[in-house]
Amino acid sequence: MEIHIKEAAEKIGLPTHTLRYYEQEGLLPFIKRDENGNRIFNEGDILWLELIVCLRKTDIPLSELRTIVELTKEGDSTALLRKQIFEKHKEKMMEKQRDLDNAFIKIESKIEYYDELEKKYHKERA
């Protein structure tokens, strides 16, 4: 399977300019081009883009993604370093998840408070 940037962008759910930006930032070093200079994405490229999208949703910095790409280009001998980057990022995500869980509890408590106020208000008006 080989597709052009428009189809790749649709498949990933990103605008084409974001894919171009990722390439400019060095995150897509393995993208090939056809005889007209158009980008050609294969299945491996799509899988890598899906990972980038996933990681960007978790707020991984572009600099860390660039480091992963550079280490990947160096080969399997850098697997441990790449794994450490992912482990460090996972820890950050877990901390953020704890913060979000605490915020969710506070918001739920506030909603319950307003539910009680609403019930009280309607009861008094009846």
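All of the points below concern the structure found in this document. (Residues numbered from 1 in each chain as written. Predicted model: local features only at pLDDT ≥ 70, side-chain atom pairs only at ≥ 80, totals over all residues. Heavy atoms only, no water.)

### Comments concerning the nonpolar core
Argument step 1. Core analysis: the biggest nonpolar cluster contains 24 residues, and L19, Y22, F41 and L49 have the highest contact counts within it.
Argument step 2. Elements supplying a minimum of two residues to this core: helix 1 (5-12), helix 2 (16-24), helix 3 (43-57) and helix 4 (62-74).
Argument step 3. With near-sequence residues (within four places) excluded, L49 lies in contact with I12, L19, Y22, L28 and F41. (Core = buried A, V, L, I, M, F, W, Y, C linked by side-chain atoms within 4.5 Å. Buried < 20%, exposed > 50% of the residue type's maximum accessible area, 1.4 Å probe, protein only. Helix = DSSP H or I, 4+ residues; strand = E, 2+ residues; numbered from the N terminus. Contact = heavy atoms within 4.5 Å.)

### What to know about helix 1
Argument step 1. When we look at burial in helix 1, the residues that qualify are I5, A8, A9 and I12. Each buried residue of helix 1 lies within a common arc of 100 degrees when the element is viewed along its axis, so the set occupies one face. Opposite the buried face of helix 1, at more than 90 degrees from it, the exposed residues are K6 and E10.
Argument step 2. Close packing links the buried residues of helix 1 with strand 1 (2-3), helix 2, strand 3 (39-42) and helix 3. (Arc of directions from axis to C-beta.)

### Topic: a nonpolar patch on the surface
Argument step 1. A contiguous nonpolar patch, built from Y113, Y114 and L117 and spanning about 310 Å² of accessible area, is present on the exposed surface.
Argument step 2. Position of Y113 among the secondary structure elements: in helix 5 (residues 79-125). (Patch = residues over 30% accessible without salt bridge, like charges linked within 9 Å, V, L, I, M, F, W, Y side chains within 5 Å. Areas by Shrake-Rupley, 256 points an atom, 1.4 Å probe, with all protein chains shown as cover. Salt bridge = Lys/Arg side-chain N within 4 Å of Asp/Glu carboxyl O.)

### Some thoughts on the environment of I12
Argument step 1. Its place among the elements puts I12 in helix 1.
Argument step 2. A relative accessible area of 13% places I12 in the buried class.
Argument step 3. Between the alpha carbons of I12 and E112 there is a distance of 39 Å; along the sequence they are 100 residues apart.
Argument step 4. Not counting residues within four places of it along the chain, the set of residues in contact with I12 comprises I46, L49, E50 and V53.

### Concerning the sheet that holds strand 2 (residues 32-33)
Argument step 1. The three strands lie next to each other as 1-3-2, forming an open sheet whose pairing is antiparallel. Edge positions in the open sheet fall to strand 1 and strand 2, since each of these has one partner strand only.
Argument step 2. The sheet contact formed by strand 2 and strand 3 spans two bridges and is antiparallel. In the strand pairing of strand 3, K32 is matched with I40.
Argument step 3. Against the sheet, helix 3 engages strand 1 and strand 3, with an angle of about 85 degrees to strand 3. (Pairing = 2+ DSSP bridges. Axes fitted to C-alpha atoms, helices over the stretch in contact; angles between N-to-C directions.)

### Quick word on the pairing of strand 3
Argument step 1. Pairing of strand 1 with strand 3 involves two bridges; the strand directions are antiparallel. Its bridge partner being in strand 3, I3 is matched across the sheet by F41.

### Quick look at the side chain of D45
Argument step 1. Checked against the element boundaries, D45 lands in helix 3.
Argument step 2. It is K32 that comes nearest to the buried, bridge-free D45 among opposite-charge side chains, at 6.8 Å.
Argument step 3. When neighbours within four sequence positions are excluded, D45 is seen to be in contact with F30, I31 and I40. (Lys, Arg positive; Asp, Glu negative; His and termini not counted.)

### Section: the pattern of salt bridges
Argument step 1. Summed over all chains, the structure comprises eight salt bridges.
Argument step 2. Among the salt bridges present, the one from K92 reaches E64, with a minimum N-O distance of 3.3 Å. Taken together, the residues K92 in helix 5 and E64 in helix 4 connect sequence positions 28 residues apart.
Argument step 3. K73 is paired through a salt bridge with E70; the nearest N and O atoms lie 3.4 Å apart. Of this pair, K73 and E70 are both found in helix 4, three residues apart, which corresponds to roughly one turn of the helix.

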